[in-house]
Amino acid sequence: MEFRELSIPGAWEITPRQFGDDRGVFLEWFKGSAFEAAVGRPLKLQQANCSVSAAGVLRGVHFTDYPPGQAKYVTCVKGAFLDVIVDLRVGSPTFGRWDSVLIDDVDRRAVYLSEGLGHAILSLEDDSTVMYLCSIEYTPSLDRDLHPLDPDVAIEWPTVGRDGTALAYQLSEKDSAAPTLAHLVEEGVLPKFDG
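Residues numbered from 1 in each chain as written. Predicted model: local features only at pLDDT ≥ 70, side-chain atom pairs only at ≥ 80, totals over all residues. Heavy atoms only, no water.

Observations regarding the environment of I136
Basically, it comes down to this: Secondary structure follows DSSP: runs of H or I at least 4 residues long count as helices, runs of E at least 2 residues long count as strands, and numbering of each begins at the N terminus. Note on contacts: a residue pair is in contact if any heavy atoms of the two residues lie within 4.5 Å.
Assignment of secondary structure puts I136 in the loop between β12 (128-134) and β13 (143-145). For the pair formed by I136 and G69, sequence separation is 67 residues and the distance between their alpha carbons is 7.8 Å. Once you skip the residues sitting within four places of it in the chain, I136 turns out to touch Q46, Q47, T64, P68, G69, Q70 and L142.

Okay, here's the thing in structure tokens:
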């Protein structure tokens, strides 16, 4: 298992070792000891989620009030997603910046994002399935959103799917109505960077 810290402090790409033969493939997509050695702390799990999306479905950018914040460990078990992490921590040297990782059923990478970071995924083919582990249970009163197409954040979303077909972005009503980063700064609801 290889860990690579992304350009956003507190976010990692995890590439598992895959063992395959004519029967199929085996891999460890999460291992507590390897995670703690790389990240420097354990991931305490409170909830596991599964989401299945059609091509073009764009979910996020979601984040949780910090504290307590919600850390996530995300992988794709079928299909492909662009997984995007946005630094929403006021005072962070990378505030407002984003980084991304292709997670799919070929390389079987995972992404870890610590508390205070925003998260979004774009499905790159029909029936793409993502699984993620969460450090706290979903609590609607702590849930916040940033519009994924905010021009000030300028995420470079793919315009074609894994098969080369043009993508038509599909957002939920909640994500379509999400505020911009400038509005969230004005509201004073973003997490603070704690170094």
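From this point, things continue past the structure.
Details of the sheet that holds strand β11 (residues 117-123)
For clarity, the cut-off: In this scheme, strands are said to pair when DSSP sees at least two bridges between them. Every axis corresponds to a line fitted to the C-alpha atoms, with the helix fit spanning only the stretch in contact, and the corresponding angles, defined between N-to-C directions, vary from 0 to 180 degrees.
The strand order β9-β8-β11-β6-β13 describes an open sheet built from five strands, whose pairing is antiparallel. Each end of this open sheet is capped by a strand with a single partner; those strands are β9 (98-104) and β13. For this sheet the average axis-to-axis angle between neighbouring strands, irrespective of direction, equals 25 degrees. Relative to β11, strand β6 (residues 58-64) runs antiparallel, the two being bridged by four bridges. Counted as the bridge partner of L58 is L122 from β11.

Remarks on the side chain of T129
Summarising the element assignment, T129 is placed in strand β12. Setting aside residues no more than four positions away along its own chain, T129 makes contact with C50, S51, V52, T75, C76, V77, K78 and F81.

Digging into the UniProt feature "active site" (unreviewed entry) in the protein chain
As a reminder, the rule being used: UniProt positions are given in the numbering used here, feature names are shortened, and annotations may be inferred rather than shown by experiment. What qualifies as a polar contact is a pair of N or O atoms within 3.5 Å, subject to a donor-acceptor requirement within protein and to the restriction that residues adjacent in sequence count only when both atoms come from side chains.
The sites that UniProt annotates as "active site" (unreviewed entry) are H62 and Y132. A compact arrangement is adopted by the annotated residues: their sequence extent is 71 residues, whereas the largest C-alpha distance between any two is 13.6 Å. The residues contacting H62, other than those within four sequence positions of it, are K72, L117, G118, H119, R144, D145, K174 and D175. Within the structure, H62 has its side chain in polar contact with the backbone nitrogen of G60 (distance 3.3 Å). Relative to the assigned elements, Y132 resides in strand β12. With near-sequence residues (within four places) excluded, Y132 lies in contact with Q47, A48, N49, K72, Y73 and V74.

A closer look at the nonpolar core
Going by this rule: We define the nonpolar core as a collection of buried residues of types Ala, Val, Leu, Ile, Met, Phe, Trp, Tyr and Cys that are connected through side-chain atoms lying within 4.5 Å of one another. Remark: exposure states derive from per-residue accessible area (1.4 Å probe, protein chains only) relative to the maximum for the residue type, with buried under 20%, exposed over 50%, and partly exposed in between.
Among the nonpolar cores identified, the biggest contains 20 residues, and V61, V86, L88, L146, I155 and W157 are the most heavily contacted of them. Broken down by secondary-structure element, the contributors of at least two residues to this core are β6, β8 (80-87), β11 and α3 (181-187). Here this core takes four residues from β8, the largest share from any one element. Ignoring any residue separated from it by four or fewer positions in sequence, one finds V86 in contact with V61, R97, W98, L117, G118, L146, V153 and I155. Membership of the second largest hydrophobic core comes to 14 residues, among which are L6, A11, C76 and L113.

Structural notes on the sheet that holds strand β1 (residues 2-5)
Pairing within the open sheet is antiparallel, and its six strands lie in the order β1-β2-β10-β7-β12-β5. What marks the edges here is a single partner per strand, and that holds for β1 and β5 (47-53). On average, each strand axis in the sheet is tilted by 20 degrees relative to the strand beside it, whichever way the strands run. Bridge analysis of β1 against strand β2 (residues 11-15) gives four bridges, and the strand direction is antiparallel. When the bridges of β2 are listed, E5 appears paired with W12. Set on the sheet, helix α1 (residues 32-39) makes contact with β1, β2, β7 (72-78) and β10 (110-113); between it and β1 the angle comes to about 30 degrees.

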